[in-house]
Amino acid sequence: MSRSEPGPRPPARSRLLSRPGRANLVALPLLIVVGLVWIYPFLWIVTGAFKTQNGLFTGGASLVPDQWNLDNFRRAWVDAGFSRYFFNTVLYAVASTVVELFKSALCGYVLARYEFPGRKLLHRLIVATLFVPVASIIIPQFVLVERLGLLNTRAGVILAMSGAAGALYVLLFIGFFSSVPSDLFDAAKLDGAGFLRTFRLVLPLAKPVIAVVVIFQFITNWNEFNIPLVFTLGQPDLQNLAVGMLSFKGEHAVDWTGFAAGMTLSVVPMLIVFVFFQSYFVRGLAGATKE
């Protein structure tokens, strides 16, 4: 019987990690360290919400409370009025997101599918607004809301919050509606569909872009500070959570543990929303350019 010859051994170099593999061995621990550095302040705030005022300062950088104190959340929710601020924040974020969504979708639909004089100029002006700081238009917004008689009202805050930073969303919708086959619009015209009916027919196709707009705008509106502060100076009860944080600053002292509890109440709902919609967010960013 003949004995089979052993096959050639792979070269020693092939048994070693490839260059990308070696790079990952260096990059992964580095990214873990950077991630821990970035997340540490948030964890310190969350654990600080359960500490006593004395334990917050004597504990230093420790994340473990020496004594658990849940009274901070009661002070934030009841004494500082966070129950009222939470309702206002949800109302402002949801309503202004809906307004911004339909406003940018309609604008993107018109610019993508209709030819009219000044179309290219309008498109360039919208792109130019990307370079304008949002805070710089708060004065004309204030004058407009005041003349409409909506100052110190929830409607005025919603109008102001949904009237800025929409250029990026318009461009996303322009890119999507431009990629929709013209046969779909021709078929709608043959069926007698008008402008609004055709828009209602094609809007559900833009789910990836809608997901991106909703997540971006909702998070932005939830954390908005300037507009709810400036437009509700005469009615503090209409302020949101971001402005309500000022309730913990007294004349001579700051309630830091109450502030930490308020920050936790404000941030945790947004983390839950983002984690829940994370897959939609990633697919939406890809679909905004691919679908």
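The present account deals with the structure reproduced in this document. Throughout this document, residue positions are counted from 1 along each chain, in the order its sequence is written. Totals for whole chains, interfaces and linings use all residues, but because this is a predicted model, local features are given only for residues with pLDDT of at least 70 and pairs of side-chain atoms are given and counted only at 80 or more. Side-chain measures were taken over the full set of non-hydrogen atoms in the model, leaving aside hydrogen atoms and water.

1. Some words on the overall build of the chain
Right, on to step 1. Here a strand is any run of E in DSSP of at least two residues, a helix any run of H or I of at least four, and the numbering for each starts at the N terminus. Within the chain, the secondary structure is distributed over 16 helices and zero strands.
Right, on to step 2. For the exposure calls, accessible area comes from a 1.4 Å probe over protein chains only, and a residue counts as buried if that area is under 20% of its type's maximum, exposed if over 50%, partly exposed in between. Looking at the 291 residues of the chain, the share that counts as buried comes to 34%.
Right, on to step 3. Pairs of residues are marked as contacts when any of their non-hydrogen atoms sit within 4.5 Å. Considering only intrachain contacts with a sequence separation of at least 6, the fraction spanning at least 24 residues in the chain is 71%.
Right, on to step 4. Of the accessible surface of the chain, which amounts to about 18100 Å², a share of 69% is contributed by carbon and sulfur atoms. Using a 1.4 Å probe, the Shrake-Rupley method yields the accessible areas, and only the shown protein chains count as cover for residues.

2. Here's the deal with the environment of Phe218
Right, on to step 1. Turning to its location among the elements, Phe218 is positioned in helix α12 (residues 207–222).
Right, on to step 2. The exposure class of Phe218 is buried, given its relative accessible area of 16%.
Right, on to step 3. It is 9.3 Å that separates the C-alpha atoms of Phe218 and Val90, two residues lying 128 residues apart in sequence.
Right, on to step 4. When residues no more than four places from it in sequence are discounted, the contact partners of Phe218 are Ala93, Val94, Thr97, Val213 and Met270.

3. As for the nonpolar core
Right, on to step 1. Definition used in this section: a nonpolar core is a set of buried Ala, Val, Leu, Ile, Met, Phe, Trp, Tyr and Cys residues joined via side-chain atoms within 4.5 Å. Residues Phe173, Phe177 and Leu203 are the most contacted members of the largest nonpolar core, which totals 24 residues.
Right, on to step 2. For this core, the secondary-structure elements that each account for two or more residues are α5 (82–113), α9 (167–179), α11 (195–202) and α12.
Right, on to step 3. With eight residues, α9 is the largest single contributor of residues to this core.
Right, on to step 4. Ala76, Ala80, Phe82 and Phe248 belong to the second-largest nonpolar core, a separate cluster that totals 15 residues.

4. Some points on the packing of α5 against α9
Right, on to step 1. Structural elements are reduced to axes, namely lines fitted to C-alpha atoms, with helices fitted over the stretch in contact, and the angle between N-to-C directions of any two is expressed from 0 to 180 degrees. At a minimum axis separation of 7 Å, α5 and α9 run at an interaxial angle of 45 degrees. The orientation of α5 relative to α9 falls into the category oblique. Viewed along their axes, α5 and α9 form a crossing whose handedness is right-handed. Between α5 and α9, the contacting residues are Glu100, Leu101, Ser104, Ala105, Cys107, Gly108, Tyr109, Leu111, Ala112 and Arg113 on the first element and Tyr169, Val170, Phe173, Ile174, Phe177 and Ser178 on the second.
Right, on to step 2. Residues are grouped as follows: nonpolar covers Ala, Val, Leu, Ile, Met, Phe, Trp, Tyr, Cys and Pro; charged covers Asp, Glu, Lys and Arg; every other residue, Gly included, is treated as polar. Class assignment of the residues belonging to the contact of α5 with α9 gives a composition of eleven nonpolar, three polar and two charged. For classification purposes, angles smaller than 35 degrees are called roughly parallel, those larger than 145 roughly antiparallel, those between 65 and 115 roughly perpendicular, and all remaining angles oblique. We call a crossing left-handed when the near helix sits turned anticlockwise from the far one by less than a right angle, and right-handed when that turn is clockwise.

5. Section: the packing of aromatic side chains
Right, on to step 1. Note on ring pairs: Phe, Tyr and Trp rings are taken, using the six-membered ring of Trp, and paired if centres are within 6.5 Å. Classes follow the plane angle, with under 30 degrees stacked, over 60 edge-to-face and the rest tilted. Tallied over the entire structure, the rule returns 15 aromatic pairs.
Right, on to step 2. An angle of 80 degrees between the planes, with centres 6.1 Å apart, marks the rings of Trp256 and Phe259 as edge-to-face. Taken as a pair, Trp256 and Phe259 lie in helix α15 (residues 256–276) at a separation of three residues, close to a single helical turn.
Right, on to step 3. Of the residues examined, Trp256 reaches a relative accessible area of 41% and is grouped as partly exposed.
Right, on to step 4. Only lysine NZ and arginine CZ atoms are considered, and such an atom sits over a ring when it is within 6 Å of the ring centre and within 35 degrees of the ring normal. Cation over ring: Arg84 sits above Tyr85, and NZ or CZ is 5.1 Å from the ring centre.

6. Focus: the packing of helix α2 (residues 19–48) against α15
Right, on to step 1. Between α2 and α15, the shortest axis-to-axis distance is 7 Å and the interhelical angle comes to 120 degrees. Taken together, the axis directions place α2 and α15 in an arrangement best described as oblique. Crossing handedness for the pair α2 and α15: left-handed. Note on element contacts: α15 touches α2 through Thr257, Ala260, Met263, Thr264, Val267 and Leu271, opposite Phe42, Ile45, Val46 and Gly48.
Right, on to step 2. Looking at the contact of α2 with α15 residue by residue, the class counts come to seven nonpolar, three polar and no charged.

7. Comments concerning the environment of Phe195
Right, on to step 1. In this structure, Phe195 sits in helix α11.
Right, on to step 2. Residue class for Phe195 comes out partly exposed when judged on its relative accessible area of 34%.
Right, on to step 3. Sequence-wise, Phe195 and Val110 are 85 residues apart; in three dimensions their C-alpha atoms are separated by 9.5 Å.
Right, on to step 4. Not counting residues up to four positions away in its chain, the partners in contact with Phe195 are Leu106, Tyr109, Val110 and Tyr114.

8. Here we look at the side chain of Gln217
Right, on to step 1. Considering the arrangement of structural elements, one finds Gln217 in helix α12.
Right, on to step 2. Among the residues examined, Gln217 registers a relative accessible area of 2% and is labelled buried.
Right, on to step 3. One polar contact links Gln217 to Tyr169, side chain to side chain, over a distance of 3.0 Å.
Right, on to step 4. Those residues in contact with Gln217 that sit more than four places away from it in its chain are Thr97, Glu100, Met161 and Tyr169. The term polar contact refers here to a pair of N or O atoms within 3.5 Å; inside protein, the definition further demands a hydrogen-donor-capable atom paired with an acceptor-capable atom, and it admits residues adjacent in sequence only when both atoms are side-chain atoms.

9. Comments concerning a nonpolar patch on the surface
Right, on to step 1. A residue counts toward a patch only above 30% relative accessible area and without a salt bridge, and it is joined to like-charged neighbours within 9 Å or, for Val, Leu, Ile, Met, Phe, Trp and Tyr, to nonpolar neighbours within 5 Å. Take a side-chain nitrogen of Lys or Arg and a carboxyl oxygen of Asp or Glu: if they are within 4 Å of each other, that pair is a salt bridge. A grouping of Leu28, Ile32, Leu36, Ile39, Phe42, Leu43 and Leu271 is seen on the molecular surface, where their side chains present a nonpolar patch of about 610 Å² in accessible area.
Right, on to step 2. Per element, the largest residue contribution to the nonpolar patch is six residues, and it comes from α2.
Right, on to step 3. Among the structural elements, Leu43 can be located in helix α2.
Right, on to step 4. Residue Leu43 is classed as partly exposed on the basis of its relative accessible area of 33%.

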